[in-house]
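# Breakdown of the fold
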Amino acid sequence: SNPPSSAQPATTFPSLQFYNSNTGNYPQGTVLSEITSYSADPSGSGANPHICSFIKTVQGQAGTNTATDGELVFGTAPYATVGDALESMRIDRDGSVLVSQVGISTDANYRTGIVKVQGTGAFRLYSSSFTGNSMSISRTGDTLEIGDKSAFSGDIKFYTDGTLACEINDQQESTFSGAVTLPQGSEAAPSLKFTGGGTNTGIYSSGSNNVDVSVNG
């Protein structure tokens, strides 16, 4: 419905607005507004007609008369799959992005809950503003790059089962919480090597309870 003039936000540019005039409590998941794409074509594999995609604004947390939030829910439908579009991504009320797998599809290119970044794009974590320091996961050629590329003296920590497993500090020093297991290696190809020391100089194990040093093989 159209909002009262007093509730109409003043804008100096074209604006598409959805106004929900309902009052009262909003159960979690209540749809506040929706944009839907629908196919009425009855031909094909039996999947049509159906809702192909949607964008919804929903109540993320059970609301009261004085508290209404908004979460954006995006829905998609796999190819040749019977049924309407289902939620595939959500931006929740706290700004978190949640990606879900929608159904099962025979399409080899179908995305199964995977976030894809093309080319030189990167996934970045900022400390405050989007122009500040960041940690990133990116790709350069065939190389996966993870960590602090903006030189702000950040550490990297890896956790398993809720416990710190490894830490790399801003001096490139690595600390492991558990044992570090290396291949046994050999005199000609030791497992632990040193920068500039050659490929056949280092430390290996010739057998049980043995630690050996190889120099030039």
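Here, every reference points to the structure presented above.
Residues numbered from 1 in each chain as written. Predicted model: local features only at pLDDT ≥ 70, side-chain atom pairs only at ≥ 80, totals over all residues. Heavy atoms only, no water.

### Thoughts on the overall build of the protein chain
What counts is decided by this rule: The secondary structure listing takes helices from DSSP runs of H or I that are at least 4 residues long and strands from runs of E that are at least 2 residues long, numbered from the N terminus. Buried, partly exposed and exposed residues are distinguished by accessible area as a fraction of the type maximum, computed with a 1.4 Å probe on protein chains only: under 20%, between the cut-offs, and over 50%, respectively. Any pair of residues with heavy atoms lying within 4.5 Å of one another is described as a contacting pair. The accessible surface values rely on the Shrake-Rupley method and a 1.4 Å probe; as for residues, cover is taken only from the protein chains in view.
Helices and strands together make up the secondary structure of the protein chain, namely zero helices and 14 strands. If you list the helices and strands of the protein chain from N to C, you get β-β-β-β-β-β-β-β-β-β-β-β-β-β. Looking at the protein chain as a whole, 17% of its 217 residues qualify as buried. Contacts in the protein chain between residues far apart in sequence, at least 24 positions, make up 21% of those at least 6 positions apart. By element, 52% of the accessible surface of the protein chain is carried by carbon and sulfur atoms, the whole surface being about 15600 Å².

### Here's the deal with the environment of C166
Looking at the element boundaries, C166 is found in strand β10 (residues 163-168). Measuring from C-alpha to C-alpha, the distance between C166 and F176 comes to 4.5 Å, with ten residues separating the pair along the chain. When residues no more than four places from it in sequence are discounted, the contact partners of C166 are I156, K157, F158, T175 and F176.

### Quick notes on the packing of aromatic side chains
Stated formally: Stacked, tilted and edge-to-face are the three classes assigned to paired rings of Phe, Tyr and Trp, where Trp is represented by its six-membered ring and a pair needs centres within 6.5 Å; plane angles under 30 degrees give stacked, over 60 edge-to-face, the rest tilted. The criterion for a charge sitting over a ring is simple: Lys NZ or Arg CZ within 6 Å of the ring centre, and within 35 degrees of the ring normal.
Going through the model one piece at a time under the given rule, you end up with zero aromatic pairs. Sitting above the plane of the F54 ring, K56 keeps its charged end 4.5 Å from the centroid.

### Topic: unusual backbone geometry
One non-glycine residue, D161, lies in the positive phi region at around 55 degrees. Positionally, D161 belongs in the loop between β9 (156-160) and β10. What makes D161 exposed here is its relative accessible area of 82%. Although it is not a glycine, N209 adopts a positive phi angle of roughly 65 degrees. Note that N209 resides in the loop between β13 (202-204) and β14 (212-214).

### Things to note about the environment of D212
Inclusion rule: Under this definition, polar contacts are N or O atom pairs within 3.5 Å; protein pairs additionally need one hydrogen-donor-capable and one acceptor-capable atom, and for neighbouring residues in sequence, both atoms have to be side-chain atoms.
Residue position: D212 is located in strand β14. If near-sequence neighbours (up to four positions away) are discounted, D212 is found in contact with G202, I203, Y204, S205 and S206. Within the structure, the side chain of D212 is placed 2.7 Å from the backbone nitrogen of S206, a separation counted as a polar contact.

### Description of the sheet that holds strand β12 (residues 192-193)
So the rule is basically this: In short, DSSP must find at least two bridges between two strands for them to pair.
Strands sit in the order β12-β13-β14 across an open sheet of three strands; the sheet is antiparallel. Edge positions in the sheet fall to β12 and β14, since each has one partner strand and no second. Here β12 runs beside β13; their pairing, made up of two bridges, is antiparallel. If you follow L192 over to β13, its bridge partner there is I203.

### With respect to the sheet that holds strand β4 (residues 86-91)
Which entries qualify depends on this criterion: Only the stretch in contact is used when a helix axis is fitted, and all axes are lines through C-alpha atoms; the angle between N-to-C directions ranges over 0 to 180 degrees.
The five strands are arranged β1-β2-β3-β4-β5 in an open sheet whose pairing can be described as antiparallel. Strands at the two margins of the open sheet, each flanked by one partner only, are β1 (31-39) and β5 (97-99). Each strand of the sheet is rotated relative to its neighbour by a mean of 20 degrees, with strand direction disregarded. Bridge count for strand β3 (residues 71-76) against β4 is five bridges, and the pairing is antiparallel.

Read these as geometric descriptors, not functional statements.
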